[in-house]
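Residue-level structural notes
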Amino acid sequence: MRAWINGLTAALLVGVVIGLMLTPDGRAWLRHPTLLLGGGANASASPVPEAMSGVEAVAPATASAAAPGPVGAPAGLRAAAADGTLRIGVFGDSMADGLWTALYRDLDGEGGVEVIEFSEVSTGLSRYDYVDIQAKTAGQITAQPIDVAIILFGTNDAQGIELDGAVHAFGTPGWRAAYARRVDDLVSLLRGRGTAVYWVGLPKMKRESFDEKMRLINEVVGGRMRALNVPWIETTSVTVGADGGYEAYLPEVPGGRPRLMRAHDGIHMTMAGYLRIAAPLADRLRADAGLDQPASGR
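Reading guide: rules and limits
Residues numbered from 1 in each chain as written. Predicted model: local features only at pLDDT ≥ 70, side-chain atom pairs only at ≥ 80, totals over all residues. Heavy atoms only, no water. Buried < 20%, exposed > 50% of the residue type's maximum accessible area, 1.4 Å probe, protein only. Helix = DSSP H or I, 4+ residues; strand = E, 2+ residues; numbered from the N terminus. Pairing = 2+ DSSP bridges. Phe/Tyr/Trp six-rings, centres within 6.5 Å; stacked < 30°, edge-to-face > 60°. Axes fitted to C-alpha atoms, helices over the stretch in contact; angles between N-to-C directions. Parallel < 35°, antiparallel > 145°, perpendicular 65-115°, else oblique. Left-handed = near helix turned anticlockwise from the far one by under 90°. Contact = heavy atoms within 4.5 Å. Nonpolar A, V, L, I, M, F, W, Y, C, P; charged D, E, K, R; others polar. Right-handed = clockwise from strand over helix to strand, strands pointing away. Arc of directions from axis to C-beta. Polar contact = N/O pair within 3.5 Å; in protein donor to acceptor, adjacent residues only side chain to side chain. pLDDT = per-residue confidence, 0-100. Expected span 1.5 Å × (residues − 1).

1. Topic: the pairing of strand 3 (residues 148–152)
For strand 3, the tally of buried residues reaches five of five residues, placing the bulk of the element in the interior. Residues Val 148, Ile 150 and Leu 152 point to one face of strand 3 and Ala 149 and Ile 151 to the other, with burial holding for every one of them. Bridge count for strand 1 (residues 87–92) against strand 3 is five bridges, and the pairing is parallel. When the bridges of strand 3 are listed, Ile 88 appears paired with Val 148. Of the strand pairs in this sheet, strand 3 and strand 6 (residues 196–200) are connected by four bridges, and their pairing is parallel. For Ile 150, the partnering residue across the bridge sits in strand 6 and is Tyr 198.

As structure tokens, this is what we get:
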């Protein structure tokens, strides 16, 4: 009986491997498997093999009609806050989970503000075969309409993107264009529902090779935010030491005693760290929504 079960198991495994070998995505996964199994797998994605870097590039994403330039408060934000029911949704991966916690502590209940968590660990904009963020977000805001969307993605996105039947290796021109298109599509979806969008950049990372990939993602997303006239909240400057390098300990206030800001993985933040990167965003939201003014002035 045991021999029969072992034989059946082996046959099933062989069948799975053969099936993967017969498909392009399967062959890529066999070379560099990426397991997305919850929080433990977050920010651990493997890049697509270099052999796939020559795939055809997709057309670059097009900018909206709004010209690049200084970004003011998104239209309608003060009107949404005027009745004391400003709903802020936080979207992204596990980094956004921490950002939501910090914003909740900073803003929830202030002037009627509600901070809602929509983020999910081990998600991103590269692997829509795992979680289609566009479809997921559409469902979320249909079930729970919001006035403001805060977005923070990237730590799982240093891997290939499959788009229109082609796989684009991370960092290639095709990947940049495909990633930019997904960024644009997400912004367009949210704005189409009357939602103001703020995009938060990735912080400094400990491992230089990973930091280089996150800088590339910041470059692509930051460029799209400027083109789309979306507020871009960079976090690199508040997560580096005096020499511009990675620091796990940073003072909470200038001249203050250093406090642990980063988790042991050199990627995520401690609660103090999330409060640190959320502070400029919270201040910007207060100013844009008029929450920093006396009640009679709103």
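2. A few points about the packing of aromatic side chains
Inspection of every chain in the model, using the stated rule, returns four aromatic pairs. A centroid spacing of 4.8 Å and a plane angle of 15° characterise the contact between Phe 91 and Phe 118, whose relative ring orientation is stacked. Placement of the pair is Phe 91 in strand 1 and Phe 118 in the loop between strand 2 (114–117) and helix 5 (133–143), with a sequence separation of 27 residues. With a relative accessible area of 9%, Phe 118 lands in the buried category. Each ring, one from Phe 170 and one from Trp 175, has its centre 4.6 Å from the other, and the planes form 70°; the classification is edge-to-face. The exposure class of Phe 170 is buried, given its relative accessible area of 15%.

3. Some remarks on the sheet that holds strand 3
With parallel pairing, five strands are arranged side by side in an open sheet as 2-1-3-6-7. The sheet is open, and its two borders are formed by strand 2 and strand 7 (232–233), each paired with just one other strand.

4. What about the packing of helix 5 against helix 6 (residues 173–192)?
Where helix 5 meets helix 6, the closest approach of the two axes is 10 Å, and the angle between their N-to-C directions is 15°. Of the possible angle classes, the one that applies to helix 5 and helix 6 is roughly parallel. Seen along the crossing, helix 5 lies across helix 6 with a hand that is right-handed. Mapping the contact onto sequence places Ile 133, Gln 134, Thr 137, Ala 138 and Ile 141 in helix 5 and Asp 185, Leu 186, Leu 189 and Leu 190 in helix 6. Tallied by class, the residues present in the contact of helix 5 with helix 6 amount to six nonpolar, two polar and one charged.

5. Details of the pairing of strand 2
Pairing of strand 1 with strand 2 involves four bridges; the strand directions are parallel. Directly across from Ile 88, in strand 2, lies its bridge partner Val 115. On the question of chirality, the crossover connecting strand 1 to the parallel strand 2 by way of helix 4 (residues 94–107) is right-handed.

6. Notes on helix 5
All buried positions along helix 5 are accounted for by Ile 133, Thr 137, Ala 138, Gln 140 and Ile 141. For helix 5, the angular spread of buried residues about the axis comes to 165°, placing them on one side. Of the exposed residues in helix 5, those oriented more than 90 degrees away from the buried face are Thr 142 and Ala 143. Those residues of helix 5 that are buried are in contact with strand 1 and helix 6. At the N-terminal boundary of helix 5, the capping side chain belongs to Asp 132, with an oxygen 3.1 Å from the backbone nitrogen of Gln 134.

7. Quick notes on the side chain of Thr 235
Relative to the helices and strands, Thr 235 resides in the loop between strand 7 and strand 8 (249–251). Not counting residues up to four positions away in its chain, the partners in contact with Thr 235 are Val 200, Gly 201, Leu 202, Pro 203 and Ile 277.

8. Here's the deal with the environment of Thr 123
Checked against the element boundaries, Thr 123 lands in the loop between strand 2 and helix 5. From its side chain, Thr 123 meets the backbone oxygen of Glu 120 in a polar contact 2.6 Å long.

9. Topic: the confidence of the model for the protein
The share of residues in the protein with pLDDT of 70 or more is 73%, and the mean pLDDT across the chain is 81. A low-confidence stretch, residues 44–70 stays under pLDDT 50, and its non-local contacts, those more than four residues away or across chains, total 61 contacts.

10. A word on the side chain of Gln 140
Assignment of secondary structure puts Gln 140 in helix 5. The buried category is assigned to Gln 140, whose relative accessible area is 15%.

11. Some points on helix 4
Each turn of an α-helix holds 3.6 residues, which means side chains three or four residues apart point in the same direction. When the terminal C-alpha atoms of helix 4 are compared, their 20 Å separation across 14 residues agrees well with the 20 Å that a helix rising 1.5 Å per residue should span. Turning to helix 4, its buried residues are Ser 94, Met 95, Ala 96, Asp 97, Gly 98, Leu 99, Ala 102, Leu 103 and Leu 107. Lining the buried residues of helix 4 we find strand 1, strand 2, strand 3, strand 6 and helix 8 (271–289). Two or three places before Met 95, at the opening of helix 4, Asp 93 has a side-chain oxygen 3.0 Å from that residue's backbone nitrogen. Directly beyond the C-terminal end of helix 4, a positive phi value near 90° is found at Gly 109.

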